[in-house]
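Residue strings, one per chain:
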There are 2 protein chains.
Amino acid sequence: MDSDYGVPRELSEVQKKRALYQPELPPCLQGTTVRVEYGDAAIAADAAGAHVISHAFPHTYGQPLAHFLRKTANVPDAKVISEHPTVRVGVVFCGRQSPGGHNVIWGLHEAIKAHNLKSKLIGFLGGTDGLLAQKTLEITDEVLSSYKNQGGYDMLGRTKDQIRTTEQVNGAMASCQALKLDALVIIGGVTSNTDAAQLAETFAEAKCATKVVGVPVTLNGDLKNQFVETTVGFDTICKVNSQLISNVCTDALSAEKYYYFIRLMGRKASHVALECTLQSHPNMVILGEEVAASKLTIFDITKQICDAVQARAEKDKNHGVVLIPEGLVESIPELYALLQEIHGLHGKGVSMENISSQLSPWASALFEFLPPFIRKQLLLHPESDDSAQLSQIETEKLLAQLVETEMNRRLKEGTYKGKKFNVICHFFGYQARGALPSKFDCDYAYVLGHVCYHILAAGLNGYLATVTNLKSPVNKWRCGAAPISSMMTVKRWSRGPAATQIGKPAVHMASVDLKGKAFELLRNNSSSFLMEDIYRNPGPLQFEGPGADSKPISLCVEDQDYMGRIKKLQEYLEKVKTIVKPGCPQDVLKAALSAMSSVTETLAIMISSSTGQAPSL
Amino acid sequence: MDSDYGVPRELSEVQKKRALYQPELPPCLQGTTVRVEYGDAAIAADAAGAHVISHAFPHTYGQPLAHFLRKTANVPDAKVISEHPTVRVGVVFCGRQSPGGHNVIWGLHEAIKAHNLKSKLIGFLGGTDGLLAQKTLEITDEVLSSYKNQGGYDMLGRTKDQIRTTEQVNGAMASCQALKLDALVIIGGVTSNTDAAQLAETFAEAKCATKVVGVPVTLNGDLKNQFVETTVGFDTICKVNSQLISNVCTDALSAEKYYYFIRLMGRKASHVALECTLQSHPNMVILGEEVAASKLTIFDITKQICDAVQARAEKDKNHGVVLIPEGLVESIPELYALLQEIHGLHGKGVSMENISSQLSPWASALFEFLPPFIRKQLLLHPESDDSAQLSQIETEKLLAQLVETEMNRRLKEGTYKGKKFNVICHFFGYQARGALPSKFDCDYAYVLGHVCYHILAAGLNGYLATVTNLKSPVNKWRCGAAPISSMMTVKRWSRGPAATQIGKPAVHMASVDLKGKAFELLRNNSSSFLMEDIYRNPGPLQFEGPGADSKPISLCVEDQDYMGRIKKLQEYLEKVKTIVKPGCPQDVLKAALSAMSSVTETLAIMISSSTGQAPSL
């Protein structure tokens, strides 16, 4: 293992200035008293799977939401925690690096020390490897000094992504016990937070004193649900990529002879591609969610792009920019089915060279049709979560080749009369992952770090730190915690051979909501994006001046703040109770009954139609 | 042709703020009087080729340097131009887009209008195509409004790169005459400025009234000589690329399992790669100039990288970042020879499919050894300047494959004991070309635009606008003009079949100077870059705050200001004349003679040893 973890680094001028940046804290996290108010028990949005989830997480499912309140909040039920014994907290980076990760640790360290100077924060070196091997580094002001507001995960490093097998889970427990940890904070995305929930449950079962807390950090933006509005790193990644996409758009418009097909990192969901499209207005984006919803084949998509190229050529435009999320390949039905077959054969231990000969006739025909480079990439071993190695599959090149062939055919046939179709392919991923985090990501991560301390001060286990109302200024942010198990869903089918995993509850990645406002914004503009070249350059990520405080467009247009509304509802219910107290006039009571009866009936019908279950009144 | 040229664009917040930025003018360009001082006749640094050049450019070779002076400068010989008749000036973007190009036009427009409101600036649409077809757009404040300080060439567009054939040259002349242009300003790199010189000469010969002025704008930074310190766009490209390289370095250090091989756009010379290395400190850079000087084969380079990987693995470092200039392939002797053979066969009209069968046995053996993807790329038609299509040849993937094979061999053999070598390849080029220009490029380009007006006010033809002492603040910048023909050299050999072009004078791209201070800085740090991971992130390009005013490191460490020194020398010679006037004491005259005799003798010997010619005293 590298011995360079946590060493001070030489910083550039910009980095030095960034290192001095001090994020703000929302009022509810200020001071040294933790005030927590509990809501109702949180249930899984996946009503049909709730039983499976509660069965798998007997100790940690059904716990209440927690809201952290400002000192002056007038909430009589809030629990006030003013004693802060010395604690020992471990923290580990899990999964892919995402800009802002370091700030979670900084915020957590600040909060721990603010409440008790003797408490200690211990970082695990090299991700889960370090967790299992008990390789640690005590986090101090000195260690943090050159990592505040900086990108990457290099202060501690990360290696493998999972704490999944019984051996790994027991290893993690042994480490927590050996190091006498009061809490373990896991920084990661959907997979890592699923692991965090599992650890929490196992620890509770084994009466291990360590509480487990998760933090939503992933560049993909796909850990998103009623409690989580966005993830740390998503804003930065979209800003860095949007800048590059815009540069390429300007390039296309200047030279007027190239199409650029750009694949974007972001795993299976298309959040990054959607956000980048809203920021930079390229001509087209092929969202995986749309493709899946319309069951488009690779040939449909090719035709769609070719028709667009042709329409543009008729307006004398022989250039353009097309965005392709890396997960697209898994959203195209026939390619997904092919991948599932390949992964199934991998699972059976068939070697890479022999897989193609063992495919079903149908899959084999498709496989043989594909160009050799993509065949090789499809044959790669799946990732640990059974998804394809999306970053290695050059879908943009496959589409480029298919579109080129088709445009040449149309040209020959005379149906296309534009210039020869020229395409240049790009993959934007690794070059953004290590970027300096945006101000928003710095703030969000730092605040989440503080929230983690509040969670452990409240003694909660199996919770994810949450900050909501994020589109408002920091002083309006709401801080809380939600049980990770309530974010889980249960997959009820699977084509692959990974049948053993069917039905296992997990935090699954959220797709782009095709009924959401961000998608609506795209749809309303897509024809002008396509034809009018209204490219927009958000510019390089700025830390001062205009644009420095911007947030993801998809975050700002969505109508979120679920946590705020849940709290508001609770207030209304309390108000009814206060007004309609025993002793109140009969007609007031009657009015209340009549109103509430109608409300409950309406809601019961709504919920049954949305979950497919009979209303249980 | 696209009808969208010059239309106002929707700007982002950052772009809007940039559009309001007003670059400063150095004192010598302020006010409405142009003061020009002429130096001695400029000779070509290529002394051996001077005869050929002067023969090819009888009207425009041997013209004096021009220095533009501030109003208050005490130089009695300076010519003062205070009358500014109405002029009509044409401007055209030639060659690849480079950030800052729009500002040259803005500066030129400002200067033209400041001296005579009735003068007109006419932009040619779609590059040289528009020049030949007389497709124009009058540049106005309104047209400029959304292009000030913005990237790309989309205000006017560009298509083909050359004005080379007799037909093209005559077409350009016909356009200039039809539009009654007093001057034509050509914005481009080495090729375009060679064309500009040729046009100037042809126009002079044909007594066409249009004067031709060149402006050094190219992202490659390879139009560099005693008169030109750097080119417009180089700073931005290096900043954008350095940011991405640094992000990848951080990524490598966080994950500790990948090597990244990054190829950088920049044509044959390695200026971009050198500057990016100095800014972001990746582990290795393979400069084409070093490879050429040491005559390293592709196997030598592979071995060098493998040894580095092995040495790093011994220190438990299984990650790293290697930069590869796109021109490297032409610097590797055997690959260059192979390319020359291929281009020769192209020249003879042999079709791409048949080339491999007609190679010499030696070249054929090498060709067959190479992986199929690179063979296909090597077979591409050469560019118009007979160089390979460097942006299309994935040298980074070739090296990745060779290194991987060798590391696997060493692993098997047991000589390498590190982790399996994993490599990810990138090409950084197009994503930087359309970037918002840095403050330095905005300023430099804007000032060069003004200088163009001064050149035409002075009635000069075949000159390149120059600004020197660039590493100092804008108010210390020196503005002038140098005959383009004095920057030319004559190639005295060529292996290829393009024998007809041998000996034609041209402005050739400048290589990285292996005796220069920038290279020295790299050499002094290369072993710590290699082993110590002292990665540095200059951050995203900033427009405010720290880093916003930084300039290329290679510009700042070099000891330049040739134009300033030439002027200083002139002042000393004048001083000697002033002191040693007829009537001065005999011993003063004797001392002057003795001193000057020794000085001239020393200089004659120095110059003869550097050019290989006998001193002609």
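Residues numbered from 1 in each chain as written. Chains lettered and ligands numbered in written order. Predicted model: local features only at pLDDT ≥ 70, side-chain atom pairs only at ≥ 80, totals over all residues. Heavy atoms only, no water.

Of the regular secondary structure elements, chain A holds 23 helices and 14 strands. For chain A, the C-alpha radius of gyration of 26 Å lies close to 25 Å, the compact-globule estimate for 617 residues. Out of the 617 residues belonging to chain A, those deemed buried represent 60%. Once local pairs closer than 6 in sequence are excluded, the contacts in chain A between residues at least 24 apart make up 80%. For chain A, the centre of its 63 positive side-chain charges and the centre of its 63 negative side-chain charges are spaced 2 Å apart. (Helix = DSSP H or I, 4+ residues; strand = E, 2+ residues; numbered from the N terminus. Rg over C-alpha atoms; globule rule 2.2 N^0.38 Å. Buried < 20%, exposed > 50% of the residue type's maximum accessible area, 1.4 Å probe, protein only. Contact = heavy atoms within 4.5 Å. Lys, Arg positive; Asp, Glu negative; His and termini not counted. Charge placed at Lys NZ, Arg CZ, Asp CG, Glu CD.)

Time to look at the sheet that holds strand β7 (residues 183–188) of chain A. Residues and elements named next belong to chain A. In spatial order, the strands read β3-β1-β2-β14-β13-β8-β7-β4-β5-β6; together these ten strands make up an open sheet with mixed pairing. Both outer strands of the open sheet, β3 (79–81) and β6 (136–138), are each paired with one neighbouring strand and no more. Each strand axis lies, on average, 30 degrees off the axis of its neighbour in the sheet, ignoring direction. Both strand β8 (residues 211–216) and strand β13 (residues 463–468) contribute to a ladder of two bridges, which runs parallel. Residue Gly214 lies in a different strand from β13, and its bridge partner there is Leu464. Lying over the sheet, helix α19 (residues 439–457) contacts β1 (34–41), β2 (64–68), β3, β4 (88–93), β7, β8, β13 and β14 (478–483), oriented at roughly 135 degrees with respect to β13. (Pairing = 2+ DSSP bridges. Axes fitted to C-alpha atoms, helices over the stretch in contact; angles between N-to-C directions.)

Let us now look at the interface of chain B and chain A. With 63 residues of chain B at the interface, the matching set in chain A holds 64 residues. Regarding the contact of chain B and chain A, the summed buried area is about 5,200 Å², with carbon and sulfur atoms giving 49% of it. When residues of chain B are sorted by the area they lose upon contact with chain A, Ser254(B), Tyr430(B) and Gln431(B) head the list and together hold 11% of the total. Here Arg433(B) ties to Asp251(A) by a salt bridge, and the two come within 2.7 Å at their closest N and O atoms. If you look at where chain B meets chain A, you find 20 residue pairs in polar contact (both at pLDDT 80 or more). Those elements that place two or more of their residues in the side of chain B that touches chain A are α1 (13–19), α8 (234–255), β12 (423–428) and α18 (430–433) of chain B. For the side of chain B that touches chain A, the element with the most residues is α8(B), which contributes ten residues. (Buried area = accessible area lost by both parts, 1.4 Å probe. Salt bridge = Lys/Arg side-chain N within 4 Å of Asp/Glu carboxyl O. Polar contact = N/O pair within 3.5 Å; in protein donor to acceptor, adjacent residues only side chain to side chain.)

Looking now at the sheet that holds strand β10 (residues 284–285) of chain B. All names here are of chain B. With parallel pairing, the four strands of this open sheet are ordered in space as β10-β11-β9-β12. This sheet does not close on itself; its edge strands, each paired only once, are β10 and β12. Note: β10 against strand β11 (residues 320–325), two bridges, orientation parallel. Across the sheet, Val285 pairs through a bridge with Leu323, a residue of β11. Together, β9 (259–264), β10 and β11 form the strand contacts of helix α9 (residues 271–280), whose direction differs from that of β11 by roughly 155 degrees.

This brings us to the relation of the copies chain B and chain A. Under the fitted operation, chain B is carried onto chain A by 0.0 Å of movement along the axis and a turn of 180 degrees, and the coordinates agree to an RMSD of 0.1 Å. Viewed as a symmetry operation, the transformation between the two copies matches a two-fold axis. Looking at the interface residues of chain B, 100% of them are also at the interface in chain A, so both copies use one shared face. (Least-squares fit on C-alpha atoms with pLDDT ≥ 70 in both.)

Here we take up the environment of Asp559(A). All names here are of chain A. Position of Asp559 relative to the elements: it lies in the loop between α21 (553–557) and α22 (562–579). A relative accessible area of 49% places Asp559 in the partly exposed class. For the pair formed by Asp559 and Lys517, sequence separation is 42 residues and the distance between their alpha carbons is 7.8 Å. In this structure Asp559 touches Lys471, Lys517 and Arg565, once residues within four positions along its chain are discounted.

So, on to the packing of aromatic side chains. Any aromatic ring pair is given by two values, namely how distant the centres are and how the planes are angled relative to each other. By the definition in use, this model includes 24 aromatic pairs over all chains. Each ring, one from Tyr444(A) and one from Trp477(A), has its centre 6.4 Å from the other, and the planes form 80 degrees; the classification is edge-to-face. You can see Tyr444(A) sitting in helix α19 and its partner Trp477(A) sitting in the loop between β13 and β14, a full 33 residues away along the chain. The two residues Tyr444(A) and Trp477(A) agree in class, both being buried. Grouped by ring-pair contacts, the aromatic residues Tyr258(A), Tyr260(A), Phe427(B) and Tyr430(B) constitute a single cluster. Lying over the aromatic face of Phe427(B), Arg263(B) brings its terminal NZ or CZ to 3.9 Å of the ring centre. Over the ring of Tyr336(B) we find Lys268(B), and its NZ or CZ is 4.8 Å from the ring centre. (Phe/Tyr/Trp six-rings, centres within 6.5 Å; stacked < 30°, edge-to-face > 60°. Lys NZ or Arg CZ within 6 Å of the ring centre and 35° of its normal.)

Moving on: the side chain of Gln97(A). Structurally, Gln97(A) can be placed in the loop between β4 and α3 (101–115). Within the local environment of Gln97(A), its side chain forms a polar contact with the side chain of Arg158(A), the two groups lying 2.7 Å apart. Looking at Gln97(A), its side chain comes within polar contact range of the side chain of Asp251(B), at 2.9 Å. Excluding its chain neighbours within four sequence positions, the residues that come into contact with Gln97(A) are Tyr153(A), Arg158(A), Leu219(A), Arg433(A), Asp251(B), Ser254(B) and Ala255(B).

Turning to the packing of helix α6 (residues 166–178) of chain B against helix α7 (residues 190–205) of chain B, a few remarks are in order. Residues and elements named next belong to chain B. At a closest axis distance of 10 Å, the pairing of α6 and α7 adopts a crossing angle of 65 degrees. As α6 packs across α7, the resulting crossing turns out to be right-handed. Across from Val169, Ala172, Met173 and Cys176 in α6, the residues of α7 making contact are Leu199, Thr202 and Phe203. (Left-handed = near helix turned anticlockwise from the far one by under 90°.)

Another aspect to go through is unusual backbone geometry. Residues and elements named next belong to chain B. The backbone phi angle of Arg267 is positive, close to 60 degrees, even though this residue is not glycine. Within the fold, Arg267 resides in the loop between β9 and α9. The class for Arg267 is buried, based on a relative accessible area of 11%. The phi angle at His281 is positive, at roughly 55 degrees, despite the residue not being glycine. Along the chain, His281 turns up in the loop between α9 and β10. Overall, His281 belongs to the buried group, its relative accessible area being 8%.

Moving on: the packing of helix α13 (residues 333–347) of chain A against helix α15 (residues 361–369) of chain A. Think of two packed helices as two axes; the pair is described by the angle between the axes and how far apart they sit. Residues and elements named next belong to chain A. Close contact between α13 and α15 brings their axes to 10 Å; oriented N to C, the two are set at 110 degrees. Overall, the two elements α13 and α15 adopt an arrangement that is roughly perpendicular. Of the two elements, α13 crosses α15, and the hand of that crossing is left-handed. Where α13 abuts α15, its residues Glu334, Leu335, Ala337, Leu338, Glu341 and Ile342 lie against Trp362, Ala363, Leu366 and Phe367. Per-class residue counts for the contact of α13 with α15 are eight nonpolar, no polar and two charged. (Parallel < 35°, antiparallel > 145°, perpendicular 65-115°, else oblique. Nonpolar A, V, L, I, M, F, W, Y, C, P; charged D, E, K, R; others polar.)

Quick look at the side chain of Ser280(A) now. Residue and element names in this part refer to chain A. Checked against the element boundaries, Ser280 lands in helix α9 (residues 271–280). In this structure the side chain of Ser280 is engaged in a polar contact, spanning 2.7 Å, whose partner is the backbone oxygen of Cys276. Apart from the residues within four sequence positions on either side, Ser280 is in contact with Ser242, Ile245, Ser246, Cys249, Tyr535, Arg536 and Pro538.

Residue and element names in this part refer to chain A. Here chain A averages 91 in pLDDT, and 96% of its residues register 70 or above. For residues 498–502, every residue scores under 50 in pLDDT, and the model assigns this stretch three contacts once sequence neighbours within four places are set aside. Overall fold confidence for the complex sits at a pTM of 0.90, while the interface term, ipTM, reaches 0.88. (pLDDT = per-residue confidence, 0-100.)

A surface patch of nonpolar side chains, amounting to about 590 Å² of accessible area, comprises Leu569(A), Leu573(A), Val576(A), Met596(A), Val599(A), Leu603(A) and Met606(A). For the nonpolar patch, the elements supplying multiple residues, two or more each, are α22 and α23 (586–611) of chain A. (Patch = residues over 30% accessible without salt bridge, like charges linked within 9 Å, V, L, I, M, F, W, Y side chains within 5 Å. Areas by Shrake-Rupley, 256 points an atom, 1.4 Å probe, with all protein chains shown as cover.)

Residue and element names in this part refer to chain B. For helix α19 (residues 439–457), which comprises 19 residues, the first-to-last C-alpha distance of 27 Å matches the rise-based estimate of 27 Å (1.5 Å per residue) to within 8%. Of all 19 residues making up α19, 18 are buried, and the element is well covered by its neighbours. Backbone geometry just downstream of α19 places Gly459 in the positive-phi region, at approximately 75 degrees. (Expected span 1.5 Å × (residues − 1).)

Right, let's get into α15(A). Residues and elements named next belong to chain A. Among all positions in α15, only Ala363, Leu366 and Phe367 are buried. Along α15, the residues classed as buried sweep out an arc of 100 degrees about the axis, all on the same side. Facing away from the buried side of α15 by over 90 degrees, the exposed positions are Pro361 and Ala365. Where α15 is buried, its residues touch α13 and α16 (372–378). (Arc of directions from axis to C-beta.)

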